[in-house]
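Structural overview for review
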Amino acid sequence: MSEPTALVALRGVSYAYEDGPVVLSGLDFDVREGRALALLGRNGSGKTTLMRLLSGGLRPDDGRLTVAGTPVTYDRKGLTRLRTTVQLVVQDPDDQLFAASVAQDVSFGPLNLGLPDAEVRARVDEALTALDITALADRPTHLLSYGQRKRTAIAGAVAMRPRVLILDEPTAGLDPDGQERLLATLDGLRASGTTVVMATHDVDLALRWADDAALLTPGGVRTGAAPAMLARTDLLQQAGLRLPWGVAAAQFLRAHGLLDDASPGPRDAEALAALATAPSPAEG
Ligand SMILES: Nc1ncnc2c1ncn2[C@@H]1O[C@H](COP(=O)(O)OP(=O)(O)O)[C@@H](O)[C@H]1O
Ligand SMILES: [Mg+2]
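I will try to describe carefully the structure that is included in this document. (Residues numbered from 1 in each chain as written. Chains lettered and ligands numbered in written order. Predicted model: local features only at pLDDT ≥ 70, side-chain atom pairs only at ≥ 80, totals over all residues. Heavy atoms only, no water.)

1. As for the overall build of the chain
Selection rule: A run of H or I in DSSP counts as a helix once it spans at least four residues, and a run of E counts as a strand once it spans at least two, with each numbered from the N terminus. Atoms counted for the radius of gyration: C-alpha only. Globule rule: 2.2 Å times residue count to the power 0.38. Relative accessibility thresholds used throughout: buried, under 20% of the residue-type maximum; exposed, over 50%; partly exposed, between the two (1.4 Å probe, protein chains only).
Assigned secondary structure in the chain consists of 11 helices and 10 strands. At 20 Å, the chain has a C-alpha radius of gyration in line with the 19 Å of a compact globule built from 284 residues. For the chain, the spread of C-alpha atoms along the principal axes amounts to about 65 × 45 × 40 Å. For the chain, the proportion of its 284 residues judged to be buried stands at 46%.

2. Section: the packing of helix α3 (residues 102-112) against helix α4 (residues 117-130)
Spelled out, the test is: Here an axis means a line fitted to C-alpha atoms, over the contact stretch when the element is a helix, while the angle between two N-to-C directions is reported on a 0 to 180 degree scale. For this classification, under 35 degrees means roughly parallel, over 145 means roughly antiparallel, 65 to 115 means roughly perpendicular, and everything else is oblique. Here a crossing is called left-handed whenever its near helix is offset anticlockwise from the far helix by less than a right angle, and right-handed whenever the offset is clockwise. Here, residues are in contact when the closest pair of their heavy atoms is within 4.5 Å. Under the scheme applied here, ten amino acids are nonpolar (Ala, Val, Leu, Ile, Met, Phe, Trp, Tyr, Cys and Pro), four are charged (Asp, Glu, Lys and Arg), and all others, including Gly, are polar.
Direction vectors running N to C along α3 and α4 enclose 125°, while the axes themselves pass 9 Å from each other. The angle between α3 and α4 falls in the class oblique. By crossing handedness, the relation of α3 to α4 is classed as right-handed. Residues Val 102, Ala 103, Val 106, Ser 107, Pro 110 and Leu 111 of α3 lie in contact with α4, whose contacting residues are Val 120, Arg 123, Val 124, Ala 127 and Leu 128. Here the residues of the contact of α3 with α4 sort into nine nonpolar, one polar and one charged.

3. What to know about the pairing of strand β2 (residues 22-31)
Definition in use: DSSP calls a pair of strands paired once it identifies at least 2 bridges connecting them.
Judged from the six bridges that link them, strand β1 (residues 8-16) and β2 form a sheet pairing that is antiparallel. Bridging across to β2, Ala 9 finds its partner in Asp 30. In this antiparallel pair of consecutive strands, β1 and β2, the connection spans five residues, and Asp 19 shows a positive phi of 60°.

4. Description of the pattern of salt bridges
Worth spelling out the cut-off: Every case where a carboxyl oxygen of Asp or Glu lies within 4 Å of a side-chain nitrogen of Lys or Arg is listed as a salt bridge.
Summed over the entire model, instances satisfying the criterion amount to 14 salt bridges. Residue Arg 161 pairs with Glu 126 through a salt bridge whose shortest N-O separation is 3.0 Å. Taken together, the positions of Arg 161 in the loop between α5 (146-158) and β7 (164-168) and Glu 126 in helix α4 put the pair 35 residues apart, joining distant regions of the chain. We classify Arg 161 as partly exposed; its relative accessible area is 37%. Residue class for Glu 126 comes out partly exposed when judged on its relative accessible area of 37%. Among the ionic pairs, Asp 132 bridges to Arg 181, the shortest N-O distance being 3.4 Å. On the criterion of sequence distance, the pair formed by Asp 132 in the loop between α4 and α5 and Arg 181 in helix α6 (residues 176-191) is long-range, its members being 49 residues apart. Under the relative-accessibility criterion, Asp 132 is labelled exposed at 56%. For Arg 181, a relative accessible area of 34% translates into the label partly exposed.

5. A few points about the site of ligand 1
Filter applied, for reference: Throughout, the term near means that a residue has one or more heavy atoms lying within 4 Å of the molecule or strand in question. As used in this structure description, the phrase polar contact means that two N or O atoms lie within 3.5 Å; if the pair is within protein, one of them must be able to donate a hydrogen and the other to accept it, and residues adjacent in sequence are counted only when both atoms belong to side chains. Method for areas: the Shrake-Rupley scheme with a 1.4 Å probe, in which residue coverage is limited to the protein chains shown.
Residues in close proximity to ligand 1 include Tyr 17, Val 23, Arg 42, Asn 43, Gly 44, Ser 45, Gly 46, Lys 47, Thr 48 and Thr 49, which together make up its full environment. For ligand 1, an oxygen atom lies 3.2 Å from a polar atom in the backbone of Ser 45. Between Thr 48 and ligand 1, the recorded distance is 2.8 Å, taken from a side-chain N or O atom to an oxygen atom. In isolation ligand 1 offers 560 Å² of accessible surface; the protein chains occlude 59% of this area. Take the shell around ligand 1: its biggest share by element is three residues, from helix α1 (residues 47-54). Residue classes in the shell around ligand 1 are distributed as two nonpolar, six polar and two charged.

6. Quick word on α1
Think of an α-helix as turning once every 3.6 residues; residues three or four places apart then point the same way. Burial within α1 is extensive, with six of its eight residues counted as buried. Where α1 terminates, the next one or two residues include Gly 56, which has phi positive at roughly 85°.

7. As for the sheet that holds β2
In space, the four strands of this open sheet follow the order β2-β1-β4-β5, with antiparallel pairing throughout. The sheet is open, and its two borders are formed by β2 and β5 (70-71), each paired with just one other strand. The strands touched by α1 are β1, β2 and β4 (62-67); relative to β2, the strand with the most contacts, the crossing angle is about 55°.

8. Concerning α3
Where α3 is concerned, the buried positions are Val 102, Asp 105, Val 106, Ser 107, Gly 109 and Pro 110. Check the buried side of α3 and you find it contacts α4 and α5. One or two residues past the end of α3 sits Gly 114, with phi positive at roughly 75°.

9. A word on the packing of aromatic side chains
Going by this rule: A pair of aromatic rings is counted whenever rings of Phe, Tyr or Trp (Trp by its six-membered ring) have centres within 6.5 Å, and the orientation is called stacked for planes under 30 degrees apart, edge-to-face for over 60 and tilted otherwise.
A full pass over the atoms with the stated rule returns two aromatic pairs. Arranged with centres 5.0 Å apart and planes meeting at 85°, the rings of Tyr 15 and Tyr 17 form a pair that is edge-to-face. Residue Tyr 17 is classed as partly exposed on the basis of its relative accessible area of 30%. Between the aromatic rings of Phe 98 and Phe 108, the centroid separation amounts to 4.9 Å while the plane-to-plane angle is 90°, which identifies the pairing as edge-to-face. Of this pair, Phe 98 sits in the loop between β6 (86-89) and α3 while Phe 108 sits in helix α3, placing them 10 residues apart in sequence. The exposure class of Phe 98 is exposed, given its relative accessible area of 54%.

Any functional reading would require information beyond the geometric quantities listed.
Have a look at this one:
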């Protein structure tokens, strides 16, 4: 059987900023429906650029963006259609929020689609609930904490009911509790059928969260199952990233005969604890 068509894809895409260096060249990139995808690369490697190309905010110099195999057109109609499929949450919520209150901000996208008032209200309620910020609906956005502003920005994207939600460095600037809440929210969105993509340079987060990992290196992008990709020392080095500690722990355990080759390594602290208390392979 052939590979299913990617929901959103870049084909042979090149991009350079005006008066800037070529950031991406001849790049192929697939977002597969239902797979949690982490896009990894060092600072300046082009993650944000790639995400803006995927969401139509930047137009490729060369190559094309497709949705379900159909090339996106960059006119009003094409971009509106793209926005109902793909939503990008930028890294800094202050670049995204502008309305007076949380509910007003979240309603902006659905209102812009020309939806009836009742539909807009239903979407706003749904998005505020998904992000657990219903109590903040009437709060002026300038009185919110950073984490609350971040959740409001995500709610604005969720209210568009996109099939693909792309988040640029969503955990940056969040405290550990904020990070856990965000991951729980993303799990909820995934369970309701949204495909979630995040850009990050946090390899431990990617190992724990992602089904697939895409490593952005100067040679291009390589995508595969997260546990396998994140054990590729060569690619991680090219991407300017280190080995996730879960992978390093698995290598240590295998070297000491405490984990057999077939068993997957731990993806988080709980999985490591479970391995430590399980009988070792030598004991059967
Ligand atoms: N608006 C811009 N104008 C010119 N160069 C830019 C702009 N935005 C990003 N760049 C450059 O493009 C490259 C990729 O940046 P970016 O996509 O932001 O990477 P990342 O998100 O991985 O940190 C960097 O060299 C950066 O300096
Ligand atoms: Mg970036």
